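# Coordinate inspection notes
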Amino acid sequence: MPDKASCDILVVGAGPAGGAAALAAAQRGANVWLAERKPVVGTPVRCAEYIPALLLGRLDIGTSFVVQRTETMKTVLPGEPVREIRAPGFVINRDVFDQSLIRAAQNAGCRVMPATRVCRRVDDQTVLLKGSSGRDMEIRAAVIIGADGPHSTVGRWVGAVNRRLLPGIQATLPLTEPMDWTEVHFTPEIYAGYGWLFPKGNVANVGIGLKKTPGRACNLRRLLGGFIDRLRNEGKVSGDPARYTAGWIPAESVRPAVYGNVALAGDAAGQTHPITGAGIANAVICGDMAGKWAARAAASGDLSLLKQYDVQWHDFLETAHDRAFRRRIDMEAGWRDFPEIVKSCWVAFRDYYA
Ligand SMILES: Cc1cc2nc3c(=O)[nH]c(=O)nc-3n(C[C@H](O)[C@H](O)[C@H](O)COP(=O)(O)OP(=O)(O)OC[C@H]3O[C@@H](n4cnc5c(N)ncnc54)[C@H](O)[C@@H]3O)c2cc1C
């Protein structure tokens, strides 16, 4: 027989969305439990680790995760002048960032269960978890927040699955000189995506994210190798790539995130920007909204309040997200018109906003 317990809100996943949701709900007095399948929150890191500067102002979790500041973003297109725009941000230690959020949630009263995988929904309010000891546990929760990433298990329970996922692969290399800007490189081989060079002190996160052509083989490691060689030839990085990592990036249109007593947040809800692939800030902001409404719904017993989360995050993201999604469809369809298509579909160019 599995152990049994109950709480107001069960949060699944200790990434930025889950951490922010748990923190917001616990601060409002809810009895919050959080299950994370990884033994150590935030590791291994699967991220280029850039956050917009504005996000720091919204969080009260210190700055121990900040490695360096960046001021601008340079967009590089072959044979074109480099386009530089103001884009203040920080490159962070993502594991420390995730851990700082979770610590804040714990300090607010959230019970965190690492090395605990959410397996199955027994009924609307009951979820089966498996801990590291192999022991099963059934938790009954008024509200379930699925913040369990791009391949969300909770999303699958309610039929809300990410269908447009882009692969990303990255390595870390020594930088030849310090940089206070990020670089984004477009080339025809990186189909409907881009390569990035994000400085992190004396190293850089170098990666690519792209659309895979259905039915056509795509060797991501080889493409990344070609991009690294190019940066090496340009004298920007040196040495051997280390710490390879890879993951999936949702590129979804806006859709509901609330299904009965279940709310999805972050990558699980497809809240990642469909053109840039940036998802940390949206995960934190939308996770926070989900946590607040979940706490209100649980305290009042009126689960219909959860729908206000859908209203709020749509108000916040819909216009920008819809535009980005349309640009993604255009970019994928018009890639043969490279580089013109990039100039109308990438955020650094005025036509993107037209
Ligand atoms: C290569 C790459 C580079 C990126 N670079 C950037 C960047 O520089 N800036 C940026 O803003 N965004 C970046 N992103 C996107 C960003 O990482 C995501 O948008 C962000 O992590 C979303 O946060 P989340 O909390 O929704 O999901 P995640 O961070 O994916 O967290 C989900 C958590 O749920 C846990 N989990 C999953 N299933 C279960 C289960 N069944 N039971 C218990 N726990 C479970 C996972 O272990 C994980 O810890 C990048 C993505 C990739 C792949």
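A brief report on the enclosed structure follows. The structure displayed is predicted, hence computed values, not measured ones. (Residues numbered from 1 in each chain as written. Predicted model: local features only at pLDDT ≥ 70, side-chain atom pairs only at ≥ 80, totals over all residues. Heavy atoms only, no water.)

Let us look at the site of the ligand. Within the structure, the ligand sits among 36 residues, and Glu36, Ala48, Tyr50, Arg94 and Asp267 are positioned closest to it. Between the ligand and the protein, one listed contact pairs an oxygen atom with a side-chain N or O atom of Asp267 at 2.8 Å. Against a free-state accessible area of 1000 Å², the protein chains account for coverage of 92% of the ligand. Considering every element that reaches the shell around the ligand, the biggest residue donor is strand β14 (residues 242–250), with 3 residues. In the shell around the ligand, the residues fall into 17 nonpolar, 10 polar and 9 charged. (Near = heavy atom within 4 Å. Polar contact = N/O pair within 3.5 Å; in protein donor to acceptor, adjacent residues only side chain to side chain. Areas by Shrake-Rupley, 256 points an atom, 1.4 Å probe, with all protein chains shown as cover. Helix = DSSP H or I, 4+ residues; strand = E, 2+ residues; numbered from the N terminus. Nonpolar A, V, L, I, M, F, W, Y, C, P; charged D, E, K, R; others polar.)

Here the focus is the packing of aromatic side chains. Summed over all chains, the structure comprises 10 aromatic pairs. The interplanar angle of 55° and the centroid separation of 5.0 Å between the aromatic rings of Tyr194 and Trp346 together place this pair among those described as tilted. Of this pair, Tyr194 sits in strand β12 (residues 194–200) while Trp346 sits in the segment after α8 (340–345); the two residues are 152 residues apart in sequence, bridging distant segments of the chain. Accessibility expressed as a relative area gives 10% for Tyr194, which makes it buried. By relative accessible area, Trp346 is classed as buried at 1%. Ring pairs connect the aromatic residues Tyr50, Phe186, Tyr194, Trp196, Phe198 and Trp346, which therefore count as one cluster. Geometry around Trp181 places Lys74 over its ring, the cationic atom sitting 3.8 Å from the centre. For the cation-ring pair, Arg327 lies above Tyr352, with the distance from its terminal atom to the ring centre recorded as 5.6 Å. (Phe/Tyr/Trp six-rings, centres within 6.5 Å; stacked < 30°, edge-to-face > 60°. Buried < 20%, exposed > 50% of the residue type's maximum accessible area, 1.4 Å probe, protein only. Lys NZ or Arg CZ within 6 Å of the ring centre and 35° of its normal.)

Our focus in this paragraph is the side chain of Thr70. With respect to the element layout, Thr70 can be found in strand β4 (residues 66–76). Setting aside anything within four residues of it in sequence, one finds Thr70 in contact with Tyr50, Ala87, Pro88, Gly89, Phe90, Val91, Asp180, Trp181, Thr182 and Pro199. (Contact = heavy atoms within 4.5 Å.)

In this section: the pairing of strand β8 (residues 126–130). For β8, the buried fraction is high: 4 of the 5 residues fall into the buried class. Bridge count between strand β7 (residues 117–123) and β8: 5 bridges; the pairing is antiparallel. Bridge pairing links Val118 to Leu129 in β8. Counted along the chain from β7 to the antiparallel partner β8, the turn is 2 residues long. Examined bridge by bridge, β8 and strand β9 (residues 136–146) share 5 bridges and lie antiparallel to one another. Across the sheet, Thr126 pairs through a bridge with Arg140, a residue of β9. Here β8 folds back onto β9, and the loop between the two strands holds 5 residues, one of which, Gly134, carries a positive phi near 90°. (Pairing = 2+ DSSP bridges.)

Right, let's talk about the side chain of His321 for a bit. Mapped onto the elements of the fold, His321 is located in helix α7 (residues 307–333). Residue classification places His321 among the buried positions, given a relative accessible area of 3%.

Cysteine pairs can be linked by a disulfide, which is a covalent bond between their two sulfur atoms. The tally for this structure, following the rule as stated, stands at 0 disulfides. Its sulfur unpaired, Cys110 is 9.1 Å from the next cysteine sulfur, which belongs to Cys7. The cysteine Cys119 is free of any disulfide, with Cys7 supplying the nearest cysteine sulfur at 16 Å. (Disulfide = S-S within 2.5 Å.)

Attention shifts here to the environment of Glu234. Structurally, the position occupied by Glu234 is in the loop between α5 (220–233) and β14. Its relative accessible area of 39% is what places Glu234 among the partly exposed residues. There is a polar contact of 3.0 Å between the side chain of Glu234 and the side chain of Lys236.

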